[in-house]
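Chains, contacts and geometry: an overview
Below are the chains, spelled out letter by letter.
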Amino acid sequence: MTFVRSTLAVALAVLAIGSFTQAQAKGCLKGAVVGGVAGHYAHHHAVLGAVGGCVAGHELAKHKAKVAREKAAQQHATAGN
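Residues numbered from 1 in each chain as written. Predicted model: local features only at pLDDT ≥ 70, side-chain atom pairs only at ≥ 80, totals over all residues. Heavy atoms only, no water.

1. So, unusual backbone geometry
- Positive phi, close to 65°, is recorded for histidine 43, a residue that is not glycine.
- Here histidine 43 shows up in the loop between helix H2 (28-41) and helix H3 (46-80).
- Histidine 43 gets classed as exposed once you look at its relative accessible area, which sits at 68%.
- If you check the backbone angles, histidine 44 has positive phi at about 60° while not being a glycine.
- Overall, histidine 44 belongs to the exposed group, its relative accessible area being 64%. (Helix = DSSP H or I, 4+ residues; strand = E, 2+ residues; numbered from the N terminus. Buried < 20%, exposed > 50% of the residue type's maximum accessible area, 1.4 Å probe, protein only.)

2. Some words on the confidence of the model for the protein
- Of the residues in the protein, 72% have a pLDDT of 70 or more, and the chain-wide mean is 81.
- The secondary structure element of the protein with the lowest average pLDDT is helix H1 (residues 2-18), at 66, and the one with the highest is H3, at 90. (pLDDT = per-residue confidence, 0-100.)

3. Points about the pattern of salt bridges
- As enumerated under the stated definition, the model contains 1 salt bridge in all.
- Between lysine 62 and glutamate 59 there is a salt bridge, with the nearest N and O atoms lying 3.6 Å from each other. Of the two residues, lysine 62 and glutamate 59 are both situated in helix H3; the distance of 3 residues between them amounts to about one turn of the helix.
- By relative accessible area, lysine 62 is classed as partly exposed at 45%. (Salt bridge = Lys/Arg side-chain N within 4 Å of Asp/Glu carboxyl O.)

4. Quick notes on the state of the cysteines
- Per the counting criterion, the structure on display carries 1 disulfide.
- Each sulfur in the disulfide pair cysteine 28 and cysteine 54 lies 1.7 Å from the other. Handedness of the cysteine 28-cysteine 54 disulfide follows from its S-S torsion of about -95°: it is left-handed. Within this pair, whereas cysteine 28 is found in helix H2, its partner cysteine 54 is found in helix H3, the two being separated by 26 residues in sequence. Here cysteine 28 matches cysteine 54 in class, with each residue buried. (Disulfide = S-S within 2.5 Å.)

Below, the structure written as structure tokens:
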């Protein structure tokens, strides 16, 4: 029974991750893998860890992109003067 539930959970996670567009999935896949592994070792909550990792990875990727845009804009403004 546990194997069936685990297989079903992995299949649903793959379908959910596969449904994201590339822009939305940025950081999600890496975070999901790390979160899934961490969740597995934390009392077998791999799916919950993968979901949390996906959310955290996506937010970190958004933050990193925002910082990069701000830095590029600042360099562009400095180069223009």
